[in-house]
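Read off the chains here:
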Amino acid sequence: MKLKIVILTFAVFLEAVTAKIDPQNLRCLVCRTTFQELNHVIKNVERWKKVDVGNFRMDASGNTMQQKVPAHRSAVYISEVIDGICKKMDDYVRVYYKATGKLAIMQLMTEGGMNPDFSKAKFVTDDDLNKSLEYYCERMFEDNEEEITDLYKNRPEDDVMPDAEREICFDHAKYCEEWMLPTEEDTTWTPEMEAEYVKVHGPDPYGFGGPAGLPQQTFAGDVSDEGYDDTDGEDTEPSEVKDEL
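Below: a short report on this structure.

Rules behind the numbers
Residues numbered from 1 in each chain as written. Predicted model: local features only at pLDDT ≥ 70, side-chain atom pairs only at ≥ 80, totals over all residues. Heavy atoms only, no water. Phe/Tyr/Trp six-rings, centres within 6.5 Å; stacked < 30°, edge-to-face > 60°. Buried < 20%, exposed > 50% of the residue type's maximum accessible area, 1.4 Å probe, protein only. Lys NZ or Arg CZ within 6 Å of the ring centre and 35° of its normal. Disulfide = S-S within 2.5 Å. Helix = DSSP H or I, 4+ residues; strand = E, 2+ residues; numbered from the N terminus. Polar contact = N/O pair within 3.5 Å; in protein donor to acceptor, adjacent residues only side chain to side chain. Contact = heavy atoms within 4.5 Å.

**Description of the packing of aromatic side chains**
Argument step 1. In total, this model carries three aromatic pairs according to the counting rule given.
Argument step 2. Both rings, one in Tyr135 and one in Tyr136, keep their centres 5.6 Å apart while their planes meet at 80 degrees; by these two values the pair is edge-to-face.
Argument step 3. Residue class for Tyr135 comes out partly exposed when judged on its relative accessible area of 30%.
Argument step 4. Tyr136 sits in the buried class, given a relative accessible area of 7%.
Argument step 5. Lys98 extends its terminal NZ or CZ atom over the ring of Tyr197, reaching a point 4.7 Å from the ring centre.
Argument step 6. For the cation-ring pair, Arg166 lies above Phe170, with the distance from its terminal atom to the ring centre recorded as 4.0 Å.

Structure, rendered in structure tokens:
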């Protein structure tokens, strides 16, 4: 499985379009994705889990002045979760929707394999690629940490703050504008549209071609897992990747 992911990653960047990307648009996409991931985590946190908060000072009786709050309303907890989410941003790639050319970011892989939404999009790299999506996520949190943690600390007990994305990404940080949001026009992509696209741009390995309209997931140099040692030992450079390069 590791070898297939390595080959897929190389194939992604060999097929990518190079273009100038609007940094504000990219910051908006990363900000929105961060909050979507954050709310997903908070929805699944155990409601009984509590952590101590306070200033660790002593009262007149010598007791520590602390209180327990739900973990998902703790600034420390939110900070730790976002740190993990930012590391996950390496699982996302920049793309353009084929239908409209609008910028988006998508996860490279899902639980079922390659993300089927890639049939709607074209991979893109830009001259800012040295600044990873993880970098943008970390900067977003650093620049807005106080506002984000206050927002979650003060929300109602059972509210996962579905509006936090808009409050931070649109209203406070002002990364996002309405036109940046994906529309039905952006995300609609049919086999007929793919056929017209292929006439102009040539075959797309991520287009409609697999079973049930899913993207093809077979690439030049793809190999089976048979005989492959998927351990955590020292990695070796696969000959298939060498041939690609």
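**So, the state of the cysteines**
Argument step 1. For the coordinates displayed, the defined rule picks out three disulfides.
Argument step 2. There is a disulfide in this structure between Cys86 and Cys137, and the S-S distance comes to 2.1 Å. Handedness of the Cys86-Cys137 disulfide follows from its S-S torsion of about -75 degrees: it is left-handed. A residue pair is termed long-range when its members are at least 10 positions apart, and Cys86 in helix α3 (residues 75-88) and Cys137 in helix α4 (residues 133-153) qualify at 51 residues. Exposure class is identical for Cys86 and Cys137. Each is buried.
Argument step 3. Listing the disulfide partners of the protein by sequence rank of the bonded cysteines yields 1-6, 2-5, 3-4.

**Structural notes on the side chain of Asn144**
Argument step 1. Inspection of the secondary structure assignment puts Asn144 in helix α4.
Argument step 2. Within the structure, Asn144 has its side chain in polar contact with the backbone oxygen of Met140 (distance 2.7 Å).
Argument step 3. Side-chain polar atoms of Asn144 contact the side chain of His172, separated by 3.3 Å.
Argument step 4. Apart from the residues within four sequence positions on either side, Asn144 is in contact with Ile168, His172, Ala173 and Tyr175.

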